[in-house]
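Below are the chains, spelled out letter by letter.
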Amino acid sequence: MTSSVSPSNAERILRAVEDSFERQVEFLQQLVRAPSLRGEEKAAQQIVADALVERNYAVERLGIDVEAMQGHPAFSPATIDYADAVNVLGTKVPKLGGGRSLILNAHIDVVPTADPSRWRHAPFSASRDGDWLYGRGAGDMKAGLAANIFALDAIEAAGLSLTAPVQLQSVLDEEVTGNGAAAAIARGHRADAVIIPEPTDEQLVSANSGVIKFRVTVHGVPAHPREAESGLSAIDAALKLIGVLKRLAAKWNEERERHPGFETIANPASLNIGTISGGEWLASVPFECHFEGRIGFYPGDDPHRRAAELEAFVAAAVKDDGQLALARPMIDWIGVMQGGYRMQPDCPAGAVLQEAHRLVHGREANSSYVMTCYLDAALFALHAGMPALVYGPISENIHGIDERVSLSSLKRVTQTIALFAANWCGIEG
């Protein structure tokens, strides 16, 4: 596809990103230094809101109304009170229209840090070391949020104006439910495309997995250690049940040959048991144990059907095992319950992004990148009928120790997003 942005305008946009990049890094550091763990996003969202007000966006603070959203297909089971949590949306509508509208979406929430003493730099210090900026959320995905804002800044700094409405979204709770993006969709926010700069190593995502998240509770029979054989350890039963789920994951992994892009992935189901807690006293056979996790499946699959399949698989294992039957496993669905999506091969927005990437890199992006995780892009694709592009910077150790983002990569991604927006929306000036 040939770009509608002239070479001279493209060069002006690229140079504008370069000229403001140190300010962009400082803004990213400010965001990382505002810890935005689940339920603690308020300070970081205020930074975003202030930045958008300063740039003359019409800013909306959009809450998540659980009662109103019950039954909406983009909504997933909520496990926290959203009373004090808001998405921040900033919109600009041009005086002269005619272009294609765009949403630039990013999530503000981050996952826990594990032991901060194990980090090379403190998790929320936003320390800069050569090409890398360290910190929880630096890569996943506050760098992408900064890229969205500064990409649009660069177009204006180049003396150009977009000819279509644009909206910047900083949304909540992507890491657990996706209900922040779901709230924006339920409110009716739509565009001709959405771009989400998750950390993808400058590759365009072609497909992602559907995901369901669960909490399992098992009960044992408490007893004294002197007669432990008269009891049943809930912890032992939980571990046995985790083994059952591993067999289910292996079964789902065997389906990969039927799903293009997934056939070379060793573990597309990617069962993960993320938390476990159990027992009441170190010298008592434990009565209760809980564990939480997630499991994935393939684009096109119904998440509710997959959830029912998991429940049936567990029920069959319980029926055949006396200990598990005694443990009475109970499954609760506690987070994302959404399908995956696949980008259409002839997606016009994808072609425009490929061209923008080529202008920055001198080559096309690899569009066969499959992500075996949940992405908010699925909500826009499945429940809003929008082309959803996921493309972001090189990052390392996301959700791990010493998370970091490459600043040179972030600059290239910002330039790519800026050229994409200019070409997709159209420019004047």
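Provided above is the structure to which this section pertains.
Notes on the structure in this doc start here. (Residues numbered from 1 in each chain as written. Predicted model: local features only at pLDDT ≥ 70, side-chain atom pairs only at ≥ 80, totals over all residues. Heavy atoms only, no water.)

### Overview of the overall build of the protein
Stated precisely, the cut-off is as follows: Runs of E in the DSSP output that reach at least two residues are strands. Runs of H or I that reach at least four are helices, and both are numbered from the N terminus. When we talk radius of gyration, it's over C-alpha atoms, and the globule rule is simply 2.2 Å times the number of residues to the 0.38. For every residue, the accessible area (1.4 Å probe, protein chains only) is compared with the maximum for its type, and the residue is labelled buried under 20%, exposed over 50%, or partly exposed between those bounds. The contact criterion used throughout is that any non-hydrogen atoms of two residues lie within 4.5 Å.
The helix and strand tally for the protein stands at twelve helices and 19 strands. Against the globule reference of 22 Å for 429 residues, the protein gives a C-alpha radius of gyration of 23 Å, in line with a compact fold. Its C-alpha atoms put the protein at 80 × 45 × 40 Å along the principal axes. Within the protein, the proportion of its 429 residues that are buried is 56%. When contacts within the protein are restricted to residue pairs at least 6 apart in sequence, those whose partners lie at least 24 apart make up 83%.

### So, helix H1 (residues 7–19)
Think of an α-helix as turning once every 3.6 residues; residues three or four places apart then point the same way. Short version of the rule: To estimate how far a helix should reach, multiply one less than its number of residues by 1.5 Å. Directions are taken from the helix axis to each C-beta atom, and the arc is the one they span.
With 13 residues, H1 should cover 18 Å at 1.5 Å per step; its first-to-last C-alpha distance of 18 Å lies within 8% of that length. Buried within H1 are the following residues: Asn9, Ala10, Ile13, Leu14, Ala16 and Val17. Angular distribution of buried residues about the axis of H1 spans 155°; they occupy a single face of the element. Residues of H1 that are exposed and angled more than 90 degrees away from the buried face: Pro7 and Asp19.

### Let's talk about the pattern of salt bridges
Spelled out, the test is: One side-chain nitrogen of Lys or Arg within 4 Å of one carboxyl oxygen of Asp or Glu is enough to make a salt bridge.
If you walk through the whole model with that rule in mind, you get 21 salt bridges. Between arginine 15 and glutamate 11 there is a salt bridge, with its nearest N and O atoms 3.8 Å apart. Of this pair, arginine 15 and glutamate 11 both sit in helix H1, four residues apart, which is roughly one turn of that helix. In this structure arginine 15 comes out as partly exposed when scored by relative accessible area, which is 41%.

### Some remarks on the sheet that holds strand E15 (residues 369–371)
How we decide: Two strands are said to pair when DSSP picks up at least two bridges between them.
Spatially, E14-E9-E15 is the arrangement adopted by the three strands of the open sheet, whose pairing is mixed. Of all strands in the sheet, those bounded by a partner on one side alone are strand E14 (341–342) and E15. Where strand E9 (residues 205–208) and E14 come together, two bridges link them in antiparallel fashion. Each bridged residue has a counterpart across the sheet, and for asparagine 208 the counterpart in E14 is tyrosine 341.

### Structural notes on the packing of H1 against helix H5 (residues 138–157)
The relative placement of two packed helices comes down to the angle between their axes together with the axis-to-axis distance. Heads up, the rule is: Between N-to-C directions, angles span 0 to 180 degrees; the directions come from axes that are lines fitted to C-alpha atoms, helices contributing only their stretch in contact. Between 65 and 115 degrees an angle is taken as roughly perpendicular, under 35 as roughly parallel, over 145 as roughly antiparallel, and anywhere else as oblique. Crossing handedness follows the turn of the near helix against the far one: under a right angle anticlockwise gives a left-handed crossing, and clockwise gives a right-handed one. Gly is put with the polar residues, along with every residue not named as nonpolar or charged; the nonpolar set is Ala, Val, Leu, Ile, Met, Phe, Trp, Tyr, Cys and Pro, and the charged set is Asp, Glu, Lys and Arg.
Put simply, H1 and H5 touch, their axes get as near as 8 Å, and they point 120° apart. Classified by the angle their axes make, H1 and H5 are oblique. Relative to H5, the crossing made by H1 is right-handed. Taken together, the residues of H5 that come into contact with H1 (itself represented by Ile13, Ala16 and Val17) are Ala154, Ile155 and Ala157. Here the residues of the contact of H1 with H5 are counted per class, giving six nonpolar, no polar and no charged.

### Focus: the pairing of strand E7 (residues 166–171)
Counting buried positions along E7 gives six out of six residues, so the element sits mostly inside the fold. Of the two faces of E7, the one holding Val166, Leu168 and Ser170 and the one holding Gln167, Gln169 and Val171 are both buried throughout. Across five bridges, strand E2 (residues 86–92) lies against E7 in antiparallel orientation. When the bridges of E7 are listed, glycine 90 appears paired with leucine 168. Sheet topology places strand E3 (residues 102–107) next to E7; six bridges connect them, and they run parallel. In the strand pairing of E7, leucine 102 is matched with valine 166.

### Considerations on the nonpolar core
Which entries qualify depends on this criterion: Working definition of a nonpolar core: buried Ala, Val, Leu, Ile, Met, Phe, Trp, Tyr and Cys residues. They are joined through side-chain atoms within 4.5 Å.
Counting 102 residues, the largest nonpolar core has Leu102, Leu133, Leu152, Phe380, Leu389 and Phe420 as its most contacted members. At twelve residues, the largest contribution of residues to this core is made by H5. Not counting residues up to four positions away in its chain, the partners in contact with leucine 133 are Val25, Leu28, Gln29, Val32, Ala126, Ser127, Arg128, Ala138, Glu403, Arg404, Val405 and Leu407. Within the second largest apolar cluster, 31 residues are counted, among which are Leu248, Phe291, Ile295 and Met337.

### Focus on the side chain of aspartate 321
Going by this rule: Within 3.5 Å is the distance limit for a polar contact, defined as a pair of N or O atoms, with the added protein rule that one can donate a hydrogen and the other accept it, and that residues adjacent in sequence qualify only through two side-chain atoms.
Locating aspartate 321 in the fold gives a position in the loop between helix H8 (303–319) and helix H9 (322–327). Reaching out from aspartate 321, the side chain makes a polar contact with the side chain of lysine 240 at a distance of 3.2 Å.

### Looking at the sheet that holds strand E18 (residues 404–406)
With antiparallel pairing, the four strands of this open sheet are ordered in space as E4-E5-E18-E17. If you trace the sheet from one side to the other, it starts and ends with strand E4 (128–129) and strand E17 (395–396), each paired once. Along the sheet, helix H2 (residues 21–32) makes contact with E4, strand E5 (132–134) and E18, crossing E5 at roughly 20°. In the packing of H5 onto the sheet, the strands contacted are E5, E17 and E18, and the crossing angle to E18 comes to about 45°.

### Brief notes about the packing of aromatic side chains
What counts is decided by this rule: Aromatic pairing here means that ring centres of Phe, Tyr or Trp (its six-membered ring) are within 6.5 Å. Orientation follows from the plane angle: under 30 degrees is stacked, over 60 is edge-to-face, and everything else is tilted.
Overall, the coordinates contain five aromatic pairs when judged by the stated rule. Judged by centre distance (5.8 Å) and plane angle (50°), the rings of phenylalanine 27 and phenylalanine 150 are tilted. Placement of the pair is phenylalanine 27 in helix H2 and phenylalanine 150 in helix H5, with a sequence separation of 123 residues. Judged by its relative accessible area of 8%, phenylalanine 27 falls in the buried class. Relative to tryptophan 424, the ring of phenylalanine 420 lies with its centre 6.0 Å away and its plane at 10°, an arrangement referred to as stacked.

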